[in-house]
Amino acid sequence: MPQSEPGATSKQKIYKELRRSIIVGHRSPGERLNVEELAARYGTSVTPVRDALQMLSQEGLVTIKPRSGYFCTRITLKQLRDLLEMREILEVAAVERAAARITDEQLEQLEHVHSGYTGDDDESYDRYTDENRRFHCLIAEASGNHELADAMGHLHDRLARFMVMRHAGETMEAIHGRVVGALRAHDVPAARQALLDEIGETRDAILDRVIRAEGAFWHLGAQEEPSQK
């Protein structure tokens with residue numbers, strides 16, 4: 001079996017560790033990510049660091065500002081509300097279509113997404129967030145609309161820092177079990193309601209945490225972030 005190139009291995013390691021640190025809140029919105037300091041920390045050249053930061057920018061977690069550098073993406077309260085509203089629109093569209101079309105093989109995949117509850121540490125919540133993303137993207141794929149599935153994945157990437165606030169690691173499998181049960185019965189109204197219940201609880205938990213508990217950390221304001229294009 002061919003081994004990965006050292007640069008590729010470094011890039012993946014840096015990407016994974018930086019992503020986790022941003023998602024679990026170890027890095028503040030707007031915080032500058034110094035390429036040279038990161039290269040020194042990981043014992044690499046600046047190239048894999050820049051590659052990793054570019055990958056994170058594609059997920060909306062890092063903002064690249066010309067002639068200024070790399071920063072953890074800030075978000076306004078309006079942007080967050082819009083993303084959560086978009087999530088509901090996409091998720092409902094996906095689950096309604098999936099309920100009519102999902103196959104036994106796809107149901108089997110959904111039932112084996114979760115590896116079980118392992119605790120409240122950062123590594124576990126990083127995994128729970130990834131499993132939640134995979135679960136909802138599989139539903140979108142089961143809808144038969146590949147563009148919808150791609151949009152769902154990108155949206156969950158942008159919301160990852162907030163989804164982890166739900167702290168649903170212990171209950172996520174049971175919550176998703178209701179959705180799977182409705183999908184297995186091809187019950188569109190039940191699948192829609194189970195998903196809306198999950199989305200509503202998650203939205204309320206995120207907004208409560210961001211606005212009440214961590215408003216200063218997020219520096220919520222009215223100004224939009226510059227385009228990352």
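Overview of the structure. On a predicted model such as this, the values are computed, not experimentally measured, just so you know. (Residues numbered from 1 in each chain as written. Predicted model: local features only at pLDDT ≥ 70, side-chain atom pairs only at ≥ 80, totals over all residues. Heavy atoms only, no water.)

## Details of the sheet that holds strand 3 (residues 69-72)
Note the following rule: Strands are labelled as partners when DSSP assigns at least two bridges between them. For the purposes of this entry, the term helix denotes a DSSP run of H or I that reaches at least four residues, the term strand denotes a run of E that reaches at least two, and both are numbered from the N terminus.
Strand order in the open sheet made by the 3 strands is 1-3-2, with antiparallel pairing throughout. Two strands bound the open sheet, and with one partner strand each, they are strand 1 (32-33) and strand 2 (62-65). Pairing of strand 2 with strand 3 involves 4 bridges; the strand directions are antiparallel. Looking at the pairing, K65 lines up with G69 of strand 3.

## Comments concerning the nonpolar core
The nonpolar side chains of a soluble globular protein tend to be buried, and buried together. To keep things clear, this is the line we draw: We define a nonpolar core as any set of buried Ala, Val, Leu, Ile, Met, Phe, Trp, Tyr and Cys residues linked to one another through side-chain atoms lying within 4.5 Å. The classification of residues rests on relative accessible area computed with a 1.4 Å probe and restricted to protein chains. Under 20% of the type maximum is buried, over 50% is exposed, and intermediate values are partly exposed.
One finds L80, L110, I139, L159, F162, V179 and L183 to be the most contacted residues of the largest nonpolar core, which totals 38 residues. Counting only elements with at least two residues in this core, the list comes to helix 4 (77-101), helix 5 (104-111), helix 6 (122-142), helix 7 (146-163), helix 8 (172-184) and helix 9 (188-213). The leading source of residues in this core is helix 4, at 8 residues. Grouped together as the second largest cluster of nonpolar side chains are 23 residues, Y15, L18, A52 and M172 included.

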